[in-house]
Every structure is written in structure tokens, then in C-alpha cells.
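# Structural characterization, general
Each chain, letter by letter, is given below.
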Amino acid sequence: MVFEYNYLLEVKNLKKYFDVGYGQMLKAIDNVNFFIREGETLGLVGESGCGKSTTGRVLVRLYEPTAGEVLFEGENVHQLKGRAAREFCKKAQMIFQDPYASLDPRMTVRDIIGEGIDIHNLYKGKERTHRIYELLNIVGLNKEHADRYPHEFSGGQRQRIGIARALAIEPKFIVCDEPISALDVSIQAQIVNLLIKLQQELKLTYLFIAHDLRMVKHISDRVAVMYLGNIVELAESIELYEHPLHPYTKALISAIPIADPKLERSRQRLLLEGDVPSPINPPQGCLFKKRCGFAKPICEEVKPELKNSGGEHFVACHLY
Ligand code: SF4
């Protein structure tokens, strides 16, 4: 995959392996390439353990990559030092999956949101207080919430606090790591709508990680599908949902429930059978071959590369 333009973020040949002992490596990310334009949302989907969250963590420097590079505004983020590294941390933030686990239960909301403001020396005194109230207001809470503790809030409210904390240092780019997975279905849409509103108002760029393809469609401009540490398909959101190419993407999309009970009963589901192979010892050839109903002899031997199948639609499959 060759990139022709400059993007806010570019990921090139990224690998992240974890040493699991006995001389074995867990290949959490294995040669991943993508870019994100300023102001857009790239959805990153796939089953648990496919490497989505690890990718997000490498992007914001929570993990060092094993190989490859992450360019943010043209700079390799893992080579930044001192002031430049602090500047990057200010520009790139993360919202976590479990809002309860990611908020310190001994800190008030005021301190949680104020922490980043203090670290980056953004506001002091009255201005700091005003900014905290402003952030609470932006995420749909109010100043009466500032002196409460995380356990006094519902799951949706805690995620709003997590979003306010991320916004406190005025980032450009946010990795949203399964921000709605731990929430009730009724609250999920509220949080997604809040993120969309904030993106428009604050000109944010998102990597939105999820295993639920329903919500990813709603928020994403483009979607990348990940399987066993590799991107197997990447396309504009509408294109991916209306014309999926990879058998794995087709199976994931066919599992999305349809609101109309008549259509839901009549449609054909592509069931995903078998287990995901171990990332410690991935098979030769196509990583999806054991679960694929279209496998050919070449799939046994040769790993398909992510290739452009037209427009901005990329797929890694020998059928294309
Ligand atoms: Fe299926 Fe072969 Fe395509 Fe892999 S490369 S998804 S095994 S058809």
C-alpha cells in the first residue's frame, strides 16, 4: 500500500510482538499500514484479541513498536524526545473501554479533569476552575458534578468524564478504544452522538476501535477490518457495508441485527465457524483459511497482501 499524500497520521509496516517466554513471540500487530486524514474517523473493527487495542496503544506511545513507524504530522512519534514528546502527548489522547477502571476512585471529577491541565500548565486558579466547568458542560454534565467521585456516577456518565479528561488538554487526535462496549445499548448511541458532536465542534480526528460493526458504521468515514494482527479490508464506510469483499468482513456484516423483524427473519447469515488461530504460531498462507468457505489451494501457501481493488477500497484476499 503506497501513500501519496501527507496525512495527520500514517502507520507504516507496523509490528508489535510480545515476548511470551520459551522463545515464542505473540504477533499482536503484524505489518499494518493505514492513514488517517485530519478531521476524519477511521473505524477499526475485529474480534477480541485481533490487535485493535494494541494498535491504538502503539499510536499514542503507550507501547513501543517492534518495527515500522507511526508518523503524526510527518514526525515519527516513537523518536520524539523531551519537549516534542510532551507536545505529542498533548495532541494525542485516548478514551478507554472501561470508564470505571480508567478513573481513579480516590480522585474527584475536578481532580481527574484538572490533572492534564496541571501537567501541561494550561490554566491556573479561577481559569482552571472555569475550564473544568466548561468541559463538564461540553460533555453533558454540570459543575455540581465536579466534587463527586467516580462511583457516584452511572456508566454513561463515567464515560463522559473520561471524554472530558481527554479533551482537557485540547488534543487533535483521540484513540477511542471500545468506548461504548461496557455501556448499556440505550447509552451507547448517546456517547457516539456526543463524540460526533465534539468532532464537528472541536475539529477532532478519531481512531474508533470497536468489535460492534453497528456503531462503527454510524461514526466512521472509513473502516479497517482487522484479523489476527493484520488489516484484511479497508474502505469508505458506506462502500464497506454495501460492498464488502473479504469473506471475514461479509460474515461480520451479516451478523449485524436488522431492526425490521421481517427482513431479519428472511436474510441469510454467514456464520463464522472455528476458532481464531493463535497469534503465537499463526498458520502459513491466509490467516483466515480455516474459517473461509472460499479457500483455494493458493490460500494454503501464500499470505494475501492488502491491495487496492478500486477507489480507496483495499482487500487482502486471493479472490480479488
Ligand atoms: Fe478465503 Fe483465500 Fe480469501 Fe483467505 S485468501 S479469505 S482463505 S479466499
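So, here is what we can say about the structure in this document.

## Overview of the site of the ligand
Taken together, 13 residues lie near the ligand, and Cys 286, Cys 292, Cys 299, Cys 317 and His 318 sit nearest. Among the residues making up the shell around the ligand, the classes are represented as 10 nonpolar, 2 polar and 1 charged.

## Some thoughts on the pattern of salt bridges
Throughout the structure, instances matching the rule amount to 16 salt bridges. Residue Lys 52 is joined to Glu 178 by a salt bridge in which the shortest nitrogen-to-oxygen separation is 3.5 Å. A residue pair is termed long-range when its members are at least 10 positions apart, and Lys 52 in helix α1 (residues 52–59) and Glu 178 in the loop between β7 (173–177) and α6 (185–202) qualify at 126 residues. Its relative accessible area of 4% is what places Lys 52 among the buried residues. A residue is classified by how much of its surface remains accessible, and Glu 178, at 7% relative accessible area, is buried. Its salt-bridge partner being Asp 104, residue Arg 106 comes within 3.1 Å of it at the nearest N-O pair. Bridged by salt links that share partners, the residues Glu 38, Glu 73, Lys 91 and Lys 172 form one connected network.

## Regarding the packing of helix α3 (residues 109–119) against helix α4 (residues 125–138)
Contact geometry of α3 with α4 gives a least axis separation of 10 Å together with a crossing angle of 115 degrees. With respect to the hand of their crossing, α3 and α4 are arranged in right-handed fashion. Taken together, the residues of α4 that come into contact with α3 (itself represented by Val 109, Arg 110, Ile 113, Gly 114, Glu 115, Ile 117 and Asp 118) are Arg 128, Thr 129, Arg 131, Ile 132, Tyr 133, Leu 135 and Leu 136. Classifying every residue of the contact of α3 with α4 by side-chain character gives 7 nonpolar, 2 polar and 5 charged.

## Observations concerning the sheet that holds strand β1 (residues 9–21)
Strand order in this open sheet of 4 strands is β2-β1-β4-β5, and the pairing throughout is antiparallel. Single-partner strands in this sheet number two, and they are β2 (24–36) and β5 (75–76). The sheet contact formed by β1 and strand β4 (residues 67–72) spans 5 bridges and is antiparallel. Within β4, the residue paired with Lys 12 across the bridge is Glu 69. Relative to β1, α1 is tilted by about 115 degrees, and along the sheet it contacts β1, β2 and β4.

## Some points on the sheet that holds strand β9 (residues 222–227)
Strands sit in the order β6-β7-β8-β3-β9-β10-β12-β11 across an open sheet of 8 strands; the sheet is mixed. Since the sheet does not close on itself, it has two edges, and those belong to β6 (92–95) and β11 (307–308), each with one partner. Pairing analysis gives 4 bridges linking strand β3 (residues 41–45) to β9, with the strands arranged parallel. Residue pairing in the sheet places Leu 44 in a bridge with Ala 224 of β9. Helix α2 (residues 82–91) rests against β6 and β7 of the sheet, and its axis sits at about 45 degrees to β6.

## With respect to unusual backbone geometry
In this structure, Glu 170 is a non-glycine residue whose phi angle is positive, near 55 degrees. Checked against the element boundaries, Glu 170 lands in the loop between α5 (155–167) and β7. With a relative accessible area of 37%, Glu 170 lands in the partly exposed category. Of note, the phi angle at Leu 228 is positive, near 50 degrees, even though the residue is not glycine. Its place among the elements puts Leu 228 in the loop between β9 and β10 (230–236). Leu 228 sits in the buried class, given a relative accessible area of 6%.

## Things to note about the packing of aromatic side chains
Under the defined criterion, the tally for this structure stands at 7 aromatic pairs. With centroids separated by 3.9 Å and ring planes inclined at 10 degrees, the aromatic side chains of Tyr 7 and Phe 35 adopt a geometry described as stacked. Here Phe 35 lies in strand β2 and Tyr 7 lies in the segment before β1, a separation of 28 residues in the sequence. By the burial criterion, Tyr 7 is buried, and Phe 35 matches it. Through pairs of rings, three or more aromatic residues link up here, namely Phe 72, Phe 88 and Phe 173.

Reading the values: rules and limits
- Residues numbered from 1 in each chain as written.
- Predicted model: local features only at pLDDT ≥ 70, side-chain atom pairs only at ≥ 80, totals over all residues.
- Heavy atoms only, no water.
- Near = heavy atom within 4 Å.
- Nonpolar A, V, L, I, M, F, W, Y, C, P; charged D, E, K, R; others polar.
- Salt bridge = Lys/Arg side-chain N within 4 Å of Asp/Glu carboxyl O.
- Helix = DSSP H or I, 4+ residues; strand = E, 2+ residues; numbered from the N terminus.
- Buried < 20%, exposed > 50% of the residue type's maximum accessible area, 1.4 Å probe, protein only.
- Axes fitted to C-alpha atoms, helices over the stretch in contact; angles between N-to-C directions.
- Left-handed = near helix turned anticlockwise from the far one by under 90°.
- Contact = heavy atoms within 4.5 Å.
- Pairing = 2+ DSSP bridges.
- Phe/Tyr/Trp six-rings, centres within 6.5 Å; stacked < 30°, edge-to-face > 60°.

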